[in-house]
Amino acid sequence: SQQGEEDPQALSIQEGENATMNCSYKTSINNLQWYRQNSGRGLVHLILIRSNEREKHSGRLRVTLDTSKKSSSLLITASRAADTASYFCATRDQGGKLIFGQGTELSVKP
Amino acid sequence: EAGVAQSPRYKIIEKRQSVAFWCNPISGHATLYWYQQILGQGPKLLIQFQNNGVVDDSQLPKDRFSAERLKGVDSTLKIQPAKLEDSAVYLCASRKAGTGNYEQYFGPGTRLTVT
């Protein structure tokens, strides 16, 4: 079963614009992670936000977490063509298993 | 440090044939995962090892899939016999054990096509 669901499924923007992706989940969590997957490659961990945190920054990435709404967002500022990839949120279920959403496919056009 | 290694990168087989995938995790990472990623979806955990013991294989189709990690380092995932719906990317990931170490490191995956 999918714990996290990303929205939108696909996003196309111009270089320099900001990209916002949203993730909703169903059960209570200890933390939420975001991963990036370039075409034909494995996933790369981007950032982890804990349940007692509301916002976290890492370079051009900004992640927010709203546990009352069971949702998170990933903002990529000043996007670059190299940011073109699929982005997944992931949460842990009660058994400790990491559950990934279906992902948002981001396309950044130069 | 070297990343997670997987081989082969691509495999095409006919249905009912057998196939095996190999994974070498990052040195020192006690936890190893195998995921199945169907096109357009997120990865789904098949099996998790802690050293050479199985922690979670609840989503592994055990009638056709098997996995082992005999010496607590390398791992192999086998499908026998393969079905058309097994076409997917099989990802291996590893994680350093310890509290607070949630980040998983993924290999490049093996793309399996079953015809």
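Residues numbered from 1 in each chain as written. Chains lettered and ligands numbered in written order. Predicted model: local features only at pLDDT ≥ 70, side-chain atom pairs only at ≥ 80, totals over all residues. Heavy atoms only, no water.

### Some details on the confidence of the model for chain A
Part 1 of the argument: Overall, the predicted model of chain A reaches an average pLDDT of 92, with 96% of residues at or above 70.
Part 2 of the argument: No element of chain A has a lower mean pLDDT than strand β1 (residues 5-7) of chain A, which averages 84, and none a higher one than strand β7 (residues 61-66) of chain A, which averages 98. (pLDDT = per-residue confidence, 0-100. Helix = DSSP H or I, 4+ residues; strand = E, 2+ residues; numbered from the N terminus.)

### Some words on the pairing of strand β5 (residues 43-50) of chain A
All names here are of chain A.
Part 1 of the argument: Within β5, six of the eight residues are buried, which leaves the element mostly enclosed by the surrounding structure.
Part 2 of the argument: Of the pairings in the sheet, the one linking strand β4 (residues 31-37) to β5 comprises seven bridges and is antiparallel in character. Within the sheet, the bridge partner assigned to Tyr35 lies in β5 and is His45. (Buried < 20%, exposed > 50% of the residue type's maximum accessible area, 1.4 Å probe, protein only. Pairing = 2+ DSSP bridges.)

### Some remarks on the pairing of strand β6 (residues 55-58) of chain A
Residues and elements named next belong to chain A.
Part 1 of the argument: Both β6 and β7 contribute to a ladder of four bridges, which runs antiparallel. Directly across from Lys56, in β7, lies its bridge partner Val63.
Part 2 of the argument: Hairpin remark: β6 followed by β7, antiparallel, with two residues in the connecting loop; positive phi at Gly59, about 60 degrees.

### Digging into the interface of chain A and chain B
Part 1 of the argument: Contacts between the two partners involve 19 residues from chain A, matched on the other side by 20 residues from chain B.
Part 2 of the argument: A buried area of about 1600 Å², summed over both sides, lies between chain A and chain B, and 49% of it is on carbon and sulfur atoms.
Part 3 of the argument: When the buried area of chain A at its contact with chain B is split by residue, A:Leu43, A:Lys97 and A:Phe100 rank highest and sum to 29% of it.
Part 4 of the argument: At the junction of chain A with chain B, the criterion picks out one salt bridge.
Part 5 of the argument: B:Asp56 is the partner of A:Lys97 in a salt bridge, and the nearest nitrogen-oxygen pair spans 3.3 Å.
Part 6 of the argument: Summed over the shared surface of chain A and chain B, the number is four residue pairs in polar contact (both at pLDDT 80 or more).
Part 7 of the argument: Looking at the side of chain A that touches chain B, its residues break down into six nonpolar, nine polar and four charged. (Contact = heavy atoms within 4.5 Å. Buried area = accessible area lost by both parts, 1.4 Å probe. Salt bridge = Lys/Arg side-chain N within 4 Å of Asp/Glu carboxyl O. Polar contact = N/O pair within 3.5 Å; in protein donor to acceptor, adjacent residues only side chain to side chain. Nonpolar A, V, L, I, M, F, W, Y, C, P; charged D, E, K, R; others polar.)

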